[in-house]
Structures are given as structure tokens and as C-alpha cells.
There are 2 protein chains.
Amino acid sequence: MTQTDSPTDEIRVAVSTVIFSLRRERAGEPARVVLPLVRRTRDPHEGQWALPGGWLNATENLEPAASRTLAETTGLVPSFLEQLYAFGDTGRSPARTISIVYWALVREDTTLATELENVAWFDAVTLPQLAFDHNDIVDYALWRVRNKVGYSRIAHGLLPELFTLAELREVYEALLGRTLDPANFRRQVENSETLIPTEDFRTGPHRPARLYRYDQDVELADRGPLPHSSLALR
Amino acid sequence: MTQTDSPTDEIRVAVSTVIFSLRRERAGEPARVVLPLVRRTRDPHEGQWALPGGWLNATENLEPAASRTLAETTGLVPSFLEQLYAFGDTGRSPARTISIVYWALVREDTTLATELENVAWFDAVTLPQLAFDHNDIVDYALWRVRNKVGYSRIAHGLLPELFTLAELREVYEALLGRTLDPANFRRQVENSETLIPTEDFRTGPHRPARLYRYDQDVELADRGPLPHSSLALR
């Protein structure tokens, strides 16, 4: 957009997605934050794990490109997707590559496409050395989600339509990486006026717990400046 | 970063910056949010006003490119600069262009480089039709700054080192576009524990007002994932 110079052909544009979900070893255990990674089968960084992604097509908008490359590499369809950051340091790849990174959420117990090889879930806080600057990107995405969970209803992206306050608290605890006092949590959530209590209850071995849903009138999160953003919360 | 396709040469990468400042017609009047625009001297959109920016060089990191193109087109050096968003819709420019947009602040009474033609300050909320999607970009930047001023000390980017609570409130009022109750504002700011009172006072026609400074230990704002970010608050 400068008026005097020409653009360079030497810069390539890719999209990648950090997509978080929750996993627990067995029912009743604390959930961990996990994300899918794809093993690289060619250089650079052959054999290392990397974020799902791919090159941007010239005729493709950014958010659809993030969804497409995510689906192609993992089979996942996120419940929430927004732009994280454009990473463009000159040293991050042998060929100059701008990666426009999205972050996304997918609900617990979503499975990867079984026909795909070289893709697996990893614990977000104990990652191996990833390709390129992808460790930094995951760290930043974790930082963003931990900040954002405090002032938006993004936890919804990890929950079913109806959930108990204990289930909501577990999502917060997994994202924040620490335990929360149940009574304080209940008070804060009730004060936030973002939840609507239903007349349904979760029954089981414990005493019945009321089910809640999110108030759809409350903004989910900043999903970017584009009003026609295609991936609203499902 | 896909492993099977090749990147396209048809995508160009530009950087642009939305840089806000405050202006008032005369002392004592409310401040308005203004930003500098550059008049285009060639197609597309010849004669229309556009955000300061330019093409990214292949050997240049993103943030330095934002600073460079801002300086080349306006002569301005911001007190604060962070990435806003990557705009990449296919229809936003005749040639496919990804614009990585930064937003910045510069203190009141900063002047544009006098030798530059085709650059001028505009009121941020009453803009003419700009080139490309730049109206949308400015609207999004305003939305971001209004949100962010509530939970970060970005107002500092528009203030001198020492300032009165009334001066701080005026910055908030200008950014938010509404007046704030002085007593409530004072209480909220004091509760936030981000300001340090000094023993200095602003004297003049009114009664002396204590001068404050920001606590430098409090994080300014999310300046992105890069720890070596070059443009800390000056």
C-alpha cells in the first residue's frame, strides 16, 4: 500500500491454528489443556511436531483458510475461532514466512480424524521442542486464553450447551492451571450475569446439580473486526 | 507451512498503522481523538485518504516495518505501538494484499513533519470515506482502544510523565467519547493501584492539583508475544 515502492515476491503467507481442548485420564480427575500437533514429513524441521496449518491461497479469506487447513490436517471443526497474532520475524523460517495464527477451542472428547497419520494430541504445558517458533506461539495463545477467560465467555467453547457450575469451574481451572475456591467462583459467576439457570439438574452419585446455559446475548469474545465472521459459537 | 502445496506469489504483505492522538481547539475544551492520514497520489484510490503504511521488506521484522513506514509517511514516532490485526479479505484491494495493522499512540501536541505533503490530522469519529477498508480498520482500532483503556495503562501513551487526575480523566473521556463522574473516576483509579502520587502539584488559575505518575512495574498492555519488542513505552 505504499505509493512509491513495489511489494516483494519473497514473502510467503501461511495460516496456522492453535486449537485447545480438554482431556482427563479418567472421570473425576482434573482436566488438562491439550492441543493437536502435526508431524512434519519434509524439511525444514522434518520429523518435528508443528501447529496445524498451511499456505494461504490467493483467492481465500484468512479465517476460511484457518478452518480449511485445520480440517485438512486434523479433521477438527472448532466451536470458536479467532485471530491470535501475525508472526513474522525474519528468522522464524528459512524462507521468509508470515504466519497469521488463529486460536480455537474444541469441546472435550472431540476426536481426530482417524484416517490421518502424523497428528496427535499433546499436553499444552509440557510440549516437546516444536518446529519453527511454534513453542512461542503456543505459549502466547495460552497466555491469551488465560487472560480472556476472565472477561469473556470463551469457556463456553469447551462446554456442552448445558453445564453445572462445577463443570464450568473445572474448565476455568484447567485453562488457568490452578484450583479455584468453589464458593468464590459461584459468587463471581452469579455476579457476572452471563449465565441463565435452567430447571434441569445433573443427577448421579452426588447430589443433583443445577444445569446452566450461557446468555447468548452476552458477547462471546472479540472475534475480530469483521461483522460477517463465519465462525460464531456453534 | 503446509507440507504438500507451494505458497503463492500473488499475495502481497503491507503494514499500516492507526496512530491516535488528542487535540483540542483551545485550552479548557474537551479533547478529541485524532489520527494522521496520507493522501494517495496514485491508483488504486488516488486522491483518497489512507492510513500511513507501506510494503513489508523481505528482510524486515513487522514492528520495525510499522515504525519505518509511519516515520516515512508522517514523521511520527509513537509512544506506544502494538499489533492490532491482520486484514486479509480478498476483496479489500485490487491485488491481493494482507495488511498487518498496528495501532499506536502519540502524545498531544506532537506535530507532523512539516516537509511532508499529503498528510493531515483527522477527527477519528467523523472520517471521510477512506481508501480500501481503512474506515473499518479505524473503527476496529477505536473499539480496541476503548476496551483496552479500561484494563491497562495505555492512557499513559497520551500523557506526559506527570499528570493530574483531571488530565487522566480527560484522556479517558476523549477515548471513550463520554464524560465520567470525577469522584467515581478518582476512586476507581485510586483502587486500581496503578498510579503513584508525587509531591508535586500543578498550579494555575484553579486550586493546585497533585501530580501523579504511572507505576512502571504495572504492565502497560499486551504488546504481543515477542519479549524483545523494541517499542516499550518511552
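Residues numbered from 1 in each chain as written. Chains lettered and ligands numbered in written order. Predicted model: local features only at pLDDT ≥ 70, side-chain atom pairs only at ≥ 80, totals over all residues. Heavy atoms only, no water.

As recorded by an unreviewed UniProt entry, chain A carries the name NUDIX domain-containing protein and is attributed to Microbacterium memoriense.

Some thoughts on the overall build of chain A
Broken down by element type, chain A carries 4 helices and 9 strands. Listing the helices and strands of chain A from first to last along the sequence gives β-β-β-β-α-β-β-β-α-α-α-β-β. Counting only carbon and sulfur atoms, one obtains 47% of the accessible surface of chain A, whose full area is about 11000 Å². (Helix = DSSP H or I, 4+ residues; strand = E, 2+ residues; numbered from the N terminus. Areas by Shrake-Rupley, 256 points an atom, 1.4 Å probe, with all protein chains shown as cover.)

A look at the packing of aromatic side chains
Taken as a whole and assessed by the stated rule, the structure comprises 16 aromatic pairs over all chains. Pairing phenylalanine 80 of chain A with tryptophan 103 of chain A gives two aromatic rings, centres 5.0 Å apart and planes at 65°, and the pair type is edge-to-face. With phenylalanine 80 of chain A in strand S5 (residues 80–87) and tryptophan 103 of chain A in strand S6 (residues 97–105), this pair connects stretches of sequence that are 23 residues apart. In this pair, the class of phenylalanine 80 of chain A matches that of tryptophan 103 of chain A, namely buried. Seen from their ring centres, tyrosine 140 of chain B and tryptophan 143 of chain B are 5.8 Å apart, and the 15° between their planes marks the pair as stacked. Of the two residues, tyrosine 140 of chain B and tryptophan 143 of chain B both sit in helix H2 (residues 134–148), 3 residues apart, roughly one turn of that helix. Here a set of aromatic residues connected by ring pairs shows up, and it is made of Tyr85, Phe87, Tyr140 and Trp143 of chain A. Between arginine 23 of chain A and the ring centre of tryptophan 121 of chain A, over which it is positioned, the NZ or CZ distance is 4.4 Å. (Phe/Tyr/Trp six-rings, centres within 6.5 Å; stacked < 30°, edge-to-face > 60°. Buried < 20%, exposed > 50% of the residue type's maximum accessible area, 1.4 Å probe, protein only. Lys NZ or Arg CZ within 6 Å of the ring centre and 35° of its normal.)

What about helix H2 (residues 134–148) of chain A?
Given a rise of 1.5 Å per residue, 15 residues ought to cover 21 Å, and the 21 Å separating the end C-alpha atoms of H2 of chain A matches this to within 8%. Check the buried side of H2 of chain A and you find it contacts strand S1 (12–23), strand S2 (32–39), strand S3 (49–50), S5, S6 and helix H3 (165–176) of chain A. (Expected span 1.5 Å × (residues − 1). Contact = heavy atoms within 4.5 Å.)

Topic: the confidence of the model for chain A
Residue and element names in this part refer to chain A. With 89% of its residues at a pLDDT of at least 70, chain A reaches an overall mean of 86. At the low end of the mean pLDDT range in chain A sits helix H4 (residues 182–192), at 88; at the high end sits S3, at 97. Across residues 226–234, where pLDDT falls below 50, the model places 23 contacts with residues more than four positions away in sequence or in other chains. (pLDDT = per-residue confidence, 0-100.)

Digging into the packing of helix H3 (residues 165–176) of chain B against helix H4 (residues 182–192) of chain B
Residue and element names in this part refer to chain B. One way to put it is that H3 packs onto H4 with a least axis distance of 11 Å and a crossing angle of 100°. By the criterion of interaxial angle, the relationship of H3 to H4 is roughly perpendicular. Residues Leu165, Leu168, Arg169 and Tyr172 of H3 form the contact with H4, whose own contacting residues are Pro182, Phe185, Arg186, Val189 and Glu190. Split into classes, the residues belonging to the contact of H3 with H4 amount to 6 nonpolar, no polar and 3 charged. (Axes fitted to C-alpha atoms, helices over the stretch in contact; angles between N-to-C directions. Parallel < 35°, antiparallel > 145°, perpendicular 65-115°, else oblique. Nonpolar A, V, L, I, M, F, W, Y, C, P; charged D, E, K, R; others polar.)

Observations concerning the pairing of strand S9 (residues 209–214) of chain B
Two faces belong to every sheet, and in a regular strand the side chains alternate between them. All names here are of chain B. Bridge count for strand S8 (residues 195–202) against S9 is 5 bridges, and the pairing is antiparallel. By the bridge assignment, proline 197 is partnered in S9 with tyrosine 212. Counting the residues between successive antiparallel strands, the hairpin from S8 to S9 contains 6 residues. (Pairing = 2+ DSSP bridges.)

A few points about the side chain of threonine 74 of chain B
Residues and elements named next belong to chain B. Relative to the helices and strands, threonine 74 is located in helix H1 (residues 62–74). Classification of threonine 74 by relative accessible area gives buried; the value is 0%. For threonine 74, the side chain forms a polar contact with the main-chain oxygen of leucine 70, separated by 2.6 Å. Within the structure, the side chain of threonine 74 is placed 3.1 Å from the backbone nitrogen of leucine 76, a separation counted as a polar contact. Sequence-distant contacts of threonine 74, that is, excluding residues within four places in its chain, are made with Pro36, Val38, Pro52, Leu112, Ala113, Leu116 and Val119. (Polar contact = N/O pair within 3.5 Å; in protein donor to acceptor, adjacent residues only side chain to side chain.)

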